[in-house]
Amino acid sequence: MGSSNDLQVFEITVISGEDLRINRKQPVKKNAFVTIKTDSFKEQTTKMDKDGGGYPAWDEKFVMDMPMHARYFTAEVRCKTAAGSRIVGTAVIPASDFLGDYVPENYLHFLSYRLWDSHGERNGILNLSVRVKSSSSVKNAYGGGCSSHSAGCSRPWSGIAVGGQQVSNGEGVVTGIPVWS
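Numbers given to residues run from 1 along each chain, matching the order in which its sequence is written. Owing to the predicted nature of the model, reporting of local features is limited to residues with pLDDT of at least 70; listing and counting of side-chain atom pairs is limited to 80 or more, with chain, interface and lining totals taken over all residues. With hydrogens and water set aside, each side-chain value is computed from the structure's full complement of heavy atoms.

The protein chain has the name BON1-associated protein 2-like in an unreviewed UniProt entry, where Coffea arabica is given as its organism.

Structure representation (structure tokens):
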């Protein structure tokens, strides 16, 4: 496995669901929960909402990592029944929805996704929020710039002359032009 720079760290909050149904007709009555999967080995699950029915609320926060090469993570809404656990619907959340060059560090994204059942039919909505926690390696992987505090940079910034004085200790004015390779 690679170094920690090969991972993106996210804070994912599973907020609520809307209009969840079993067999596209019957509303979910109770015991709905969500499983977030960032790859085939990493997953986290919310507690069951015992009273929310077809409109459950979880408001659970997870800090998860995802490989830099991954382009999405998956959210499965499930319902516990007498026969076991049943998938109500699945949403694929693309990383491009919360990563990018123009997003401020630690920006909190509130997102809603359509859930799809095993027959490819619409089956409710999942509301969640995502915040990128390890932005330095993420910015470098997605074409962003490099700062003196970035762990993923291969070279530190060197001082430049500003107003006749050499600035090299991190104090003073810095003017920069972004350069993407």
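What follows continues from the structure just given.
Next up on the list: the pattern of salt bridges. By convention in these notes, a salt bridge is any Lys or Arg side-chain nitrogen within 4 Å of a carboxyl oxygen on Asp or Glu. Tallied over the full model, the rule gives eight salt bridges. Its salt-bridge partner being Glu76, residue Lys37 comes within 3.7 Å of it at the nearest N-O pair. One end of the pair, Lys37, is in strand 4 (residues 32-39); the other, Glu76, is in strand 7 (residues 72-81), with 39 residues separating them in the sequence. Working definition: with a 1.4 Å probe on protein chains only, accessible area under 20% of the residue-type maximum means buried, over 50% means exposed, and in between means partly exposed. Since its relative accessible area comes to 28%, Lys37 is described here as partly exposed. The residue Lys42 makes a salt bridge to Asp39 at a minimum N-O spacing of 3.9 Å. Among the ionic contacts, a cluster of salt bridges with common partners joins Glu11, Lys61, Arg131 and Lys133. Runs of H or I in DSSP of at least four residues are treated as helices and runs of E of at least two as strands, each being numbered from the N terminus.

Here the focus is the packing of aromatic side chains. The description of an aromatic ring pair rests on the distance of the ring centres and on the angle between the ring planes. Pairs were defined over the aromatic rings of Phe, Tyr and Trp, the Trp ring being its six-membered one, requiring ring centres within 6.5 Å. Orientation was assigned from the angle between planes: stacked under 30 degrees, edge-to-face over 60, tilted for the rest. One pass over the full model with this rule turns up two aromatic pairs. On the basis of an interplanar angle of 85° and a centroid distance of 5.0 Å, the ring pair of Phe10 and Phe98 is categorised as edge-to-face. Taken together, the residues span a long stretch of sequence, with Phe10 in strand 1 (residues 7-18) and Phe98 in the loop between strand 8 (84-94) and strand 9 (108-116) at a distance of 88 residues. A single burial state applies to Phe10 and to Phe98, both of which are buried.

Accessibility expressed as a relative area gives 11% for Glu76, which makes it buried. Of note is the side chain of Glu76, whose polar atom sits 3.1 Å from the side chain of Arg78. Here a polar contact is recorded for every N or O atom pair within 3.5 Å, except that within protein the pair must consist of a potential hydrogen donor and a potential acceptor, and residues adjacent in sequence are included only if both atoms are side-chain atoms.

The subject of this paragraph is the nonpolar core. Formed by 31 residues in total, the largest nonpolar core has its most connected members in Phe98 and Leu126. When residues of this core are traced back to their parent elements, those giving at least two are strand 1, strand 4, strand 6 (57-67), strand 7, strand 8, strand 9 and strand 10 (122-132). In this description, contact between two residues means that some pair of their heavy atoms is separated by no more than 4.5 Å. Not counting chain neighbours up to four residues away, the residues in contact with Phe98 comprise Phe10, Phe73, Ile93, His109, Leu111, Val130 and Val132. Residue types Ala, Val, Leu, Ile, Met, Phe, Trp, Tyr and Cys, when buried and joined through side-chain atoms within 4.5 Å, form a set referred to as a nonpolar core.

Following DSSP output, two strands are said to pair if at least two bridges run between them. Here four bridges tie strand 4 to strand 5 (residues 42-45), and the two strands are oriented antiparallel to one another. The residue bridging Thr35 from the neighbouring strand is Thr45, located in strand 5. Counted between consecutive antiparallel strands, the loop separating strand 4 from strand 5 contains two residues.

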